[in-house]
Number of protein chains: 2
Amino acid sequence: MIQTLNLALAERSYPIHIGSGLLDRADLLAPHFRQKKALVVSNETVAPLYLARLQASLKVAGVESFAVILPDGERYKTWETLNLIFDALLGAHCERATTLVALGGGVIGDMGGFAAACYQRGMPFIQVPTTLLSQVDSSVGGKTAINHPLGKNMIGAFYQPRLVLADIDTLSTLPDRELRAGLAEVIKYGLIRDPAFLEWLESNIEQLLARDPASLAKAVQVSCANKAEVVVADERESGERALLNLGHTFGHAIEAGLGYGKWLHGEAVAAGTMMAAELSCLLGWLDSGEVARCERLFQRAGLPVRGPALGEARYIELMRHDKKVAEGRLRLVLLQSLGRAVLTADAEESAIAEAIRLRS
Amino acid sequence: MIQTLNLALAERSYPIHIGSGLLDRADLLAPHFRQKKALVVSNETVAPLYLARLQASLKVAGVESFAVILPDGERYKTWETLNLIFDALLGAHCERATTLVALGGGVIGDMGGFAAACYQRGMPFIQVPTTLLSQVDSSVGGKTAINHPLGKNMIGAFYQPRLVLADIDTLSTLPDRELRAGLAEVIKYGLIRDPAFLEWLESNIEQLLARDPASLAKAVQVSCANKAEVVVADERESGERALLNLGHTFGHAIEAGLGYGKWLHGEAVAAGTMMAAELSCLLGWLDSGEVARCERLFQRAGLPVRGPALGEARYIELMRHDKKVAEGRLRLVLLQSLGRAVLTADAEESAIAEAIRLRS
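The structure presented is a predicted model; accordingly, all values stated were derived computationally and were not measured.

### Some remarks on the overall build of chain A
Here is step 1: Helices and strands together make up the secondary structure of chain A, namely 13 helices and 11 strands.
Here is step 2: Relative to a compact globule of 360 residues, whose C-alpha radius of gyration would be 21 Å, chain A shows 20 Å and is just as compact.
Here is step 3: Viewed in the frame of its principal axes, chain A has a C-alpha envelope of about 60 × 40 × 35 Å.
Here is step 4: Expressed as a percentage of its 360 residues, the buried residues of chain A come to 64%.
Here is step 5: Residue pairs at least 24 apart in sequence account for 76% of intrachain contacts in chain A once pairs closer than 6 positions are excluded.
Here is step 6: Distance from the positive charge centre (37 side chains) to the negative charge centre (41 side chains) of chain A: 3 Å.

Spelled out as structure tokens, the structure:
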């Protein structure tokens, strides 16, 4: 069964297909090529598993494809790796109308998308996410970027794909640690805007960890539906879209502070979300029972509920590079209740430091 | 006297001010800052001449500014140099709402604009062009880019400035060679779409070379008016905008083939335009008298009318990376008459090679 969502952005609208066996569905790929030529960007882990199948489907769709295989991991989300994509694009004489296909997780999607945004000032691209995190979050909505040593996703573009093809069968080969990391972003949707989904997750977290296909399909579908609604309302993050960053300002500080790739993004988001919950409690918005309810769910998902001990000052220094900072003041996504997030500059730095201290 | 053109792109519209003494006009700058903070990007040649004046005007406008000074020249239009801008932006804690101001010629404007397009996925920017080439062409219309060893402007973005401030007084310090190079792009507008301007240039080329202020102001103003009309009609270059690339496919091959910076961009465009004129003649569109008329004007402007002897095969190999290539076929801007350009895939490779041979 295939579920199809439409991300409705006028002439830049695109379908998000979610289901089993989609890698073999040439019919879903075929309508989205301006030119019958593609460069597939993947990594050393994913390519041996799925590249041949995707390229076979492209061939059936009449699309000639080349591939570039990048090293795997967040620490490679750099300009140096991005340049390998540009070299491959130029080496294969890819044109403005050639399509770039990103086959992999969040790092591949972010870099592939940013390369597509910049190559010849913009070429079409398609997301084929193969991790839970990329299927529920990063492949949808057009945020692309690379990291800078001082800040995660600091250099990038808003650039929408033409198609997202999320084959949930690929989750069967995902390491447990990455499955759990993806659940952090799934839980996020429940916490920021979907209390019914939060309850469903509390009832079904074990099935998700056991990779029950129907449960995974539902989690991906509800997550993407939430994401699509937010992106359609606020593509460029002038308002509501910032709420998707619950836990991310703290989390990005963890990732940059430890060195990219030490903690997975989802792990850092889980610990960062607990810091945000703790701060929301300090502000009197959540009670300690609600903080404990968050903690329990992350713990059941096998995710960290405390950050590393970088020191509050170092956390705050790193958080100052956050893209939501305005007029020098940190703006954070906090929880007014479970299922209702808000972007606020209300928290004093002393309270932010206290929340970090309590959770690191 | 100030001439003001409006580049009309709905909510992304912006003014282009052209005149004398504009660097000191805090009142023209002030309305365009979302936040009273700016990073000025300039180079080692321009900064000693004009940076202090611009920063003083920013201060009067209430804008706190920092500066980053890059090395000067097309060969620095690379990712490595772009990273110096990102480092400065992060070092000065620039935010999404901070403005980047590009003070310099085409290389500074292209790199500053691309940095602004990518930093935090997009920050406001302002163009303060100080060379003839950047005042008449590259500062207007939102094309930004860096070079790749295999192709000029291969990696970039369409990203519009908030303001273009063209102070023609800055042309007084421009080296003769750069003034002449700028004239190549001025002559281009006459050749592609403005026969009356072409005649005016034929009557006034000596005054322009003598830097007569009124003549320079008129040349900048008419050029910008032509550019603005084309950009408004076709911002993303799906059609008419490609005509602004007369001589550029040949010219980019010259620049990449010799190594960036050996010939100035305008010099390569002049020789490339003569190749395009020659090819237009081979196709029977121009007669030899019209080709000679082009040649005479470029020669009077002190510009090359022949390219370097790279060999036709090497030219065509380099031209294959052009952004206008479609389905493997070169598409070139050629002249149907003097004052009327067309984008065409009609020229056979043998004719293209012949035109190159005649002009190199």
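### Remarks on the sheet that holds strand β1 (residues 2-7) of chain B
All names here are of chain B.
Here is step 1: Taken in spatial order, the seven strands of this open sheet run β1-β2-β9-β6-β5-β3-β4, and their pairing is mixed. Each having just a single partner strand, β1 and β4 (64-70) make up the two edges of the open sheet. Here the average twist between neighbouring strands, direction ignored, is 15°.
Here is step 2: Across six bridges, the pairing between β1 and strand β2 (residues 14-19) is antiparallel. Along β2, the bridge assignment pairs Leu5 with Ile16.

### A word on the confidence of the model for chain A
Here is step 1: Averaged over all residues, the pLDDT of chain A is 97; the fraction at 70 or higher stands at 100%.
Here is step 2: At the level of chain-chain contacts, confidence expressed as ipTM amounts to 0.95, with global pTM at 0.96.

### Observations regarding unusual backbone geometry
Here is step 1: The phi dihedral of Arg211 of chain A falls on the positive side, at around 60°, and the residue is not glycine.
Here is step 2: For Arg211 of chain A, the position within the fold is in the loop between α7 (195-209) and α8 (213-233).

### Concerning the pattern of salt bridges
Here is step 1: Within the structure shown, the criterion is met by 52 salt bridges over all chains.
Here is step 2: Close ionic contact of Arg211 of chain A with Asp176 of chain A constitutes a salt bridge, the shortest N to O distance being 2.8 Å. One end of the pair, Arg211 of chain A, is in the loop between α7 and α8; the other, Asp176 of chain A, is in helix α6 (residues 176-193), with 35 residues separating them in the sequence.
Here is step 3: On the accessibility criterion, Asp176 of chain A (46% relative accessible area) is partly exposed.
Here is step 4: Note that Asp137 of chain B is salt-bridged to Lys227 of chain B, the shortest N-O span being 2.6 Å. Here Lys227 of chain B lies in helix α8 (residues 213-233) and Asp137 of chain B lies in helix α5 (residues 132-138), a separation of 90 residues in the sequence. Taken as a pair, Asp137 of chain B and Lys227 of chain B share a single burial class, namely buried.
Here is step 5: Connected through salt bridges with shared partners, the residues Glu74, Lys77, Asp110, Lys152 and Glu255 of chain A form a single ionic network.

### Concerning the interface of chain B and chain A
Here is step 1: Counting residues at the interface gives 35 residues for chain B, matched by 35 residues for chain A.
Here is step 2: Taken together, the two surfaces of chain B and chain A that pack against each other cover about 3,300 Å², and 55% of this comes from carbon and sulfur.
Here is step 3: For the pair chain B and chain A, the number of links is two salt bridges.
Here is step 4: Between Arg96 of chain A and Glu237 of chain B there is a salt bridge, and its shortest N-O distance comes to 3.6 Å.
Here is step 5: Counting every contact that joins chain B to chain A gives 12 residue pairs in polar contact (both at pLDDT 80 or more).
Here is step 6: When contributions to the side of chain B that touches chain A are tallied by element, the ones reaching two or more residues are α3 (79-91), α4 (106-118), β7 (143-148) and β8 (151-158) of chain B.
Here is step 7: Looking at the side of chain B that touches chain A, the element that brings in the most residues is β8 of chain B, giving six residues.

So, how was this worked out
Residues numbered from 1 in each chain as written. Chains lettered and ligands numbered in written order. Predicted model: local features only at pLDDT ≥ 70, side-chain atom pairs only at ≥ 80, totals over all residues. Heavy atoms only, no water. Helix = DSSP H or I, 4+ residues; strand = E, 2+ residues; numbered from the N terminus. Rg over C-alpha atoms; globule rule 2.2 N^0.38 Å. Buried < 20%, exposed > 50% of the residue type's maximum accessible area, 1.4 Å probe, protein only. Contact = heavy atoms within 4.5 Å. Lys, Arg positive; Asp, Glu negative; His and termini not counted. Charge placed at Lys NZ, Arg CZ, Asp CG, Glu CD. Pairing = 2+ DSSP bridges. Axes fitted to C-alpha atoms, helices over the stretch in contact; angles between N-to-C directions. pLDDT = per-residue confidence, 0-100. Salt bridge = Lys/Arg side-chain N within 4 Å of Asp/Glu carboxyl O. Buried area = accessible area lost by both parts, 1.4 Å probe. Polar contact = N/O pair within 3.5 Å; in protein donor to acceptor, adjacent residues only side chain to side chain.

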